[in-house]
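In case you want the letters, here they are:
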Amino acid sequence: MREWTLEERYRVLQSADEIKGLHEALLGSVYRQKYHIQPITGLSSDPNGFVFHDGVWHLFYQWTPWGAVHGLKYWYHVKSTDLVHWENAGVGMRPDRDFDNKGCHSGSAIAEGDSLYFFYTGNHRDENWVRTPYTCAAKLDENGVPVKLDEPLFGPRDDYSEHQRDPKVFWVEEKQAYYIFIGAQTLDKKGTVLVYKSPKLLEGWEFAGQLNVPGFEDFGGMWECPCIQRISGKDVLLFSPQYTTLPGRGNSTNHNVYLIGSMDYDTLTFTPDSDYHYLDYGFDMYASQLAANVDDPDKAILIGWMGLPDNHYPTEEEDWEGSMTLVRELRVKDGKLLKTPLPAMNELRNGTAPEDGTLPAFCELEVSFPQGETEDSDLNLFTKEDGTGGFTIHYCPHKKKLWVSKKDLDKRFNENVFEELEVPMETPLRTMRVFIDRCSVELFINDGEKTFTAHVYPTEREHFYTKSDNVEMTIWNLNESVKDDFVV
């Protein structure tokens, strides 16, 4: 694995010509996705600024242009009218001010009237490499470019650690006020959320206090990307706890979880109805963000980073890495979130593929499992022609569990973190929609009761599948929906 110097990682992009060759080289990769958002070069990580405004969905992602390495972060901009077909729109924000001299880090967006606003963490470092995180804002101009305020909205609090980032801005109608949730860490290294409040978007922000979540005072060492939204009368709190291991997640110390409960903005208390739930049970999903300005009280729109901090992936050898997950609709049912693909994904279907044991490079599988039977079921993807190896999915109705393993694929990676995971099944396995792209698999289980997201990198000989006789499956060919254009 290549070792990057600090100067290489934090090099400033001066011209599109500097990275044009990198883009041209990666176009030949067999792992470039066909219907997932991915970086034009280098590394993509957290989704940012996800918002609906004036008939267009705007999404940004953290971007390091030079290679598959975390370094100087930009916001790269993509746009869509249906959340399925995406086009590259170029760099959204550059780290060009003293308060963000080492990166425009994660944040959110909100529309007010005809205007669109962005909030982000300005990552400043001094000559001794000491970090100061600032909460900053920008407004979209008539040319579609975010223009930053001259000064940050506010700086960090010294009664918390330097880990204060990822502002999520939202409006609370009953309080007639805007709020910002910021992921933070206490001085004794406990994860938490800092809450700020203002009657106006670009001024008047005051510290309201620390979010109180009873029962979660000692849950993880940092809460990244906090996000809250009311869905069908229930408040849903999402965040990504770090620096801790959790049951059933192997050796990973980075997670994506949610709580359903009620939020009291007078006492800044979120009272959970039950324990936390995993937002996704797979190997590779993190830093999820809810879209702003979704005009439906009964659903939310979510996207996540397909990847994890500190993990490494085979495309690093090609100087790029990462993608976004499919956009998902969230609904509350029986105290949990249902996470389903967008209905518009059906429009990508382009006829069925022959069921001859060959797996298309990008496709959708509609899978059904027997009901009332006691026998186990298997679905093995990316096997060799003789049926061995692959990405294996095994369901046992007696143990009420689904097991997923990637350890038998030719390209093994992150072996020390996890290669096998299990999904507990409260209800019997009935259906599964499987979305396969060039280097990813996303499972939507029982109409979204559970999801499982994973990067996979099949070799030339791993394009077959096997299944139990009791498993029924239809393979849909899919059209491409993401333009891989070089736009800077």
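The structure under discussion appears in the preceding block.
Because the structure is a prediction, the values reported are computed rather than measured.

(A) The sheet that holds strand 32 (residues 450-455), seen in detail. The antiparallel open sheet is built from six strands, whose spatial order is 24-34-25-30-31-32. In the strand order of this sheet, the two ends are held by strand 24 (349-352) and strand 32, each with one partner. The sheet shows a mean angle of 20° between the axes of neighbouring strands, direction not considered. Two elements, strand 25 (residues 363-368) and strand 34 (residues 472-478), share six bridges in a ladder whose sense is antiparallel. Across the sheet, the residue bridging to C363 is N477, located in strand 34.

(B) Structural context of the packing of aromatic side chains. One pass over the structure, following the stated rule, counts 32 aromatic pairs. One aromatic cluster in this structure is built from F216, F219, W223, F239, Y276, Y278 and Y281. Just above the ring of Y278 sits the side chain of R249; from NZ or CZ to the centre is 5.6 Å. Above the plane of the ring of W476 lies R349, whose end atom (NZ or CZ) is 4.6 Å from the centre.

(C) The arrangement of the environment of I228 in detail. Mapped onto the elements, I228 comes out in strand 13 (residues 222-231). I228 gets classed as buried once you look at its relative accessible area, which sits at 6%. Here the alpha-carbon distance between I228 and V130, two residues 98 residues apart in the chain, equals 31 Å. With sequence-adjacent residues up to four places away left out, I228 is seen in contact with F170, F181, V236, L237, M263, Y265, F270 and L290.

(D) A look at the pattern of salt bridges. Inspection of every chain in the model, using the stated rule, returns 32 salt bridges. Between E8 and R2 there is a salt bridge, and its shortest N-O distance comes to 3.1 Å. Judged by its relative accessible area of 43%, R2 is partly exposed. For E426, the salt bridge is made with K336, and the minimal N-O distance between the two is 3.4 Å. Here E426 is found in the loop between strand 29 (420-424) and strand 30 (431-437), whereas its partner K336 is found in strand 23 (residues 336-341), with 90 residues between them in sequence. For K336, a relative accessible area of 26% translates into the label partly exposed. Connected via shared salt-bridge partners are R349, E364, E366 and R433.

(E) Spotlight on the side chain of N256. By the element assignment, N256 lies in the loop between strand 14 (234-242) and strand 15 (257-264). Engagement of the side chain of N256 in a polar contact is seen with the backbone nitrogen of A287, the distance being 3.4 Å. Polar side-chain contacts of N256 include one of 2.8 Å to the side chain of S288. Once you skip the residues sitting within four places of it in the chain, N256 turns out to touch F239, S240, H277, Y278, L279, D280, M285, Y286, A287 and S288.

Conventions we followed
Residues numbered from 1 in each chain as written. Predicted model: local features only at pLDDT ≥ 70, side-chain atom pairs only at ≥ 80, totals over all residues. Heavy atoms only, no water. Pairing = 2+ DSSP bridges. Helix = DSSP H or I, 4+ residues; strand = E, 2+ residues; numbered from the N terminus. Axes fitted to C-alpha atoms, helices over the stretch in contact; angles between N-to-C directions. Phe/Tyr/Trp six-rings, centres within 6.5 Å; stacked < 30°, edge-to-face > 60°. Lys NZ or Arg CZ within 6 Å of the ring centre and 35° of its normal. Buried < 20%, exposed > 50% of the residue type's maximum accessible area, 1.4 Å probe, protein only. Contact = heavy atoms within 4.5 Å. Salt bridge = Lys/Arg side-chain N within 4 Å of Asp/Glu carboxyl O. Polar contact = N/O pair within 3.5 Å; in protein donor to acceptor, adjacent residues only side chain to side chain.

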